[in-house]
Amino acid sequence: MKTIFDNNTVAELVDRINSLQVHNQAQWGKMNAYQMLKHCTLSEELFHGKKSYKRLFIGKLFGGMALRGIVKDEQPMKKNQPTHPEFKITGTGNFENERKKWIELLQAYDSFSNPDFVHPFFGKMTKEQIGVFVYKHTDHHLRQFKS
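Residues numbered from 1 in each chain as written. Predicted model: local features only at pLDDT ≥ 70, side-chain atom pairs only at ≥ 80, totals over all residues. Heavy atoms only, no water.

A.B. asks: What's the story with the overall build of the protein chain in this structure? I'm lost.
C.D. replies: When helices and strands are counted, the protein chain shows five helices and two strands. Secondary structure elements of the protein chain occur, N-terminal to C-terminal, as α-α-α-α-β-β-α. Its C-alpha radius of gyration of 14 Å places the protein chain within 12% of the 15 Å reference for a compact globule of 147 residues. For the protein chain, the C-alpha atoms occupy an extent of roughly 40 × 30 × 30 Å along the three principal directions. A total of 147 residues make up the protein chain; the buried ones form 46% of that total. (Helix = DSSP H or I, 4+ residues; strand = E, 2+ residues; numbered from the N terminus. Rg over C-alpha atoms; globule rule 2.2 N^0.38 Å. Buried < 20%, exposed > 50% of the residue type's maximum accessible area, 1.4 Å probe, protein only.)

Printed below as a string of structure tokens:
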């Protein structure tokens, strides 16, 4: 199972991120390439403890079950999954700056330490679950933009 805590996996993801272009069209969903980058940097900031969001009631009911379904095997995440309202990005911004920020956040997992992490939908997550989920989430959005 691939994990964000493997340096070779991070290097592969960084190569894929570097191949993204601002004009790449999404294969599914509503985001443009900049919005996807911003969505992913916000997600990484959450896992690194730089941002926090209120726990969603629906997550308290179904989050643990949904997380177990995502991390149980090597299958990619399904298309058009629901997104926490705080992670829905609109508008435009600096594509290159957001790409650089995302790469730096992914590379920072080599010194990751957030043992009490609680995801706003999935709830308490182990380091192993974080590693698999972050990889799958990153891969999901890079596949969305064919990278």
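Text resumes after the structure shown.
A.B. asks: Looking at this structure, I do not really get the side chain of threonine 138. What am I missing?
C.D. replies: Along the polypeptide, threonine 138 turns up in helix α5 (residues 127–144). Not counting residues up to four positions away in its chain, the partners in contact with threonine 138 are Leu13, Glu44, Trp102 and Leu106. (Contact = heavy atoms within 4.5 Å.)

A.B. asks: Help me understand the nonpolar core, please; the structure alone is not making it clear to me.
C.D. replies: Nonpolar side chains tend toward joint burial in soluble globular proteins. Membership of the largest hydrophobic core comes to 38 residues, with the highest contact counts inside it found for Leu20, Met36, Phe47, Trp102, Met125 and Phe133. For this core, the leading source of residues is helix α2 (residues 33–47), giving eight residues. When neighbours within four sequence positions are excluded, methionine 125 is seen to be in contact with Phe47, Leu67, Phe117, His119, Ile130 and Phe133. (Core = buried A, V, L, I, M, F, W, Y, C linked by side-chain atoms within 4.5 Å.)

A.B. asks: When you look at α2 in this model, what are you seeing that I'm missing?
C.D. replies: Given 3.6 residues to a turn, an α-helix orients residues that are three or four positions apart in the same direction. The end-to-end C-alpha distance of α2, which contains 15 residues, comes to 21 Å, matching closely the 21 Å that a straight helix rising 1.5 Å per residue would cover. Along α2, 14 of the 15 residues are buried, which leaves the element largely enclosed by surrounding structure. Where α2 begins, the capping side chain belongs to asparagine 32, and its oxygen is found 3.1 Å from the backbone nitrogen of tyrosine 34. Looking one or two residues beyond α2, the residue adopting positive phi is glycine 49, at roughly 85°. (Expected span 1.5 Å × (residues − 1). Polar contact = N/O pair within 3.5 Å; in protein donor to acceptor, adjacent residues only side chain to side chain.)

A.B. asks: When you look at helix α1 (residues 7–18) in this model, what are you seeing that I'm missing?
C.D. replies: Given a rise of 1.5 Å per residue, 12 residues ought to cover 16 Å, and the 16 Å separating the end C-alpha atoms of α1 matches this to within 8%. Along α1, the positions that sit buried rather than exposed are Thr9, Val10, Leu13, Val14, Arg16 and Ile17. The buried residues of α1 occupy an angular sector of 160° when projected down its axis, which confines them to one face. Of the exposed residues in α1, the ones pointing more than 90 degrees away from its buried face are Asn7, Asn8 and Asp15. The elements touched by buried residues of α1 are α4 (95–107) and α5. (Arc of directions from axis to C-beta.)

The values are spatial; any link to function lies outside them.
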